[in-house]
Amino acid sequence: MWWLDTVAMFAIALGVTAVLNWAALRPFRRVAAAHWSERARLLWPVRRGAAIAGVAVPLAVWRVMFRTGHATVMEVVVSLLAVFAGGLLAGFVVHHAAFPQRRLREWISLMLCLIVLRYGPFFAWLFTGISSAFDMAAARPWLGVAIFMQLFVSSGAWLWLLRGLGLMHRGAPELEAMVRELAERLGVSVKHVWETAPVAANAVASPLWRAVVVSRETIEVLAPEELRSILAHELGHLGEPRRVTVLRALGGCWSAPLGALGWAVHGWGFAGVALVLATMVIWLRWTLRLSRSEEHRVDAVAREAVGSGEVAARALEKLHAAGSIPATLPTAQMTHPSLFDRMLAAGVTPDFERPAVPKRWGVNGWASLAVWVAANLMNFRHH
Ligand SMILES: [Zn+2]
């Protein structure tokens, strides 16, 4: 009864990850009445830990429970999907603690979108590279998947999928009027103004499709002039030169060198692997630098259009509070300076002390890695 085992694996992956996530929330639960910046600081490591636990625990469960001896490919795939689904669902424990108003269904669709957009091309290129190291012919379907994924993500075609799935709809007339007025002032053309379900507080712009997307939560938490400053920023992206749009799309392909892994290994062995990894790291760093300088330019454009850096800083503070994003973060991982520094730069004195930088991972991150190591040791002894 392999399917019964699969259900058991799903339940155990879900249960163990959920317990670890719940336990890691202890410091956060103790500051329920504190300022949002303190709550966000303590939630952050738990969120990052949940991302690790959601992968490490399922892998551990699979390693211990799956009988590899006479399994078909289908059984391997279904059981892996089952454990990862359990690990992913357990992340809702953390999300619900921070955002009790958001619903499970919306959260699941958000997570699936994020996973595909953020990790889809990376894993597709990785599988292409690994399978081509063993067998060039077997890697061909993976190469097709990788190219499709990369085009889907880099081209912004995913926006149309969300639109088709009903997760996005046309913005309300007031929102559209505000965008059109600002666009005229900035001298940029806009084709689409879209609103998304309240899954996250933020806004994005797609220069290629000339679209501005705003979440309903962003509209709800901001005063009109604050919303205007956020929209001015997004419209600033639509005004970027063609050259920058192309470079940014190229930058998004930073994981593509992984696809050449097999070819590099056959040619140069270990040096080939190092070459692929080095290319990827340089490409990624270059991409981050490009987007950082672009954000600076866009911020200046928005300041010009809206007139006040102070309003923009207040808007950012509200979005950080609504999304529970810490006011200080290690700058190396980010395209923007931390909120606290951006407020000071705009001449706004925050009504809270500079918070310490959040810890890297919560207990769930470390504990799940320990579970994974233990599972591998256990399995090693079996053989
Ligand atoms: Zn931006």
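What you are looking at is a predicted structure, and each value in this text was computed from that prediction instead of being measured.

Caption draft 1: Geometry of the overall build of the chain. A count of helical and extended segments in the chain gives 17 helices and four strands. On C-alpha atoms alone, the chain measures out to a radius of gyration of 23 Å, which is about the 21 Å that the 2.2 N^0.38 rule sets for 383 residues. With the C-alpha coordinates of the chain rotated into their principal frame, the extents come out at 70 × 50 × 40 Å. The buried share among the 383 residues of the chain stands at 35%. Partitioning the contacts of the chain with sequence separation of at least 6, the portion at a separation of at least 24 is 71%.

Caption draft 2: Just helix 9 (residues 173-186), in detail. The end-to-end C-alpha distance of helix 9 is 20 Å, a good match for the 20 Å that 14 residues give at a rise of 1.5 Å each. Within helix 9, burial applies to M178, V179, L182 and A183. When helix 9 is viewed along its axis, its buried side chains cluster within an angular range of 130° and face the same direction. Counted as exposed and oriented over 90 degrees from the buried face of helix 9: P173, E174, A177, R180, E181 and E184. Positive phi shows up at G187, right after helix 9, with a value of about 70°.

Caption draft 3: How the structure looks around the pairing of strand 4 (residues 211-215). With respect to burial, strand 4 is a largely interior element, five of its five residues being buried. Across the two faces of strand 4 the burial is the same, with A211, V213 and S215 and V212 and V214 all buried. As judged from the four bridges shared by strand 3 (residues 203-206) and strand 4, these two strands associate in the antiparallel manner. Note that in strand 4 the partner of A205 across the bridge is V212. The turn linking strand 3 back onto strand 4 is made up of four residues, and R210 within it adopts a positive phi angle of 50°.

Thresholds applied
- Residues numbered from 1 in each chain as written.
- Predicted model: local features only at pLDDT ≥ 70, side-chain atom pairs only at ≥ 80, totals over all residues.
- Helix = DSSP H or I, 4+ residues; strand = E, 2+ residues; numbered from the N terminus.
- Rg over C-alpha atoms; globule rule 2.2 N^0.38 Å.
- Buried ≥ 20, exposed ≤ 12 C-beta atoms within 10 Å, placed from the backbone.
- Contact = placed C-beta atoms within 7 Å.
- Expected span 1.5 Å × (residues − 1).
- Arc of directions from axis to C-beta.
- Pairing = 2+ DSSP bridges.

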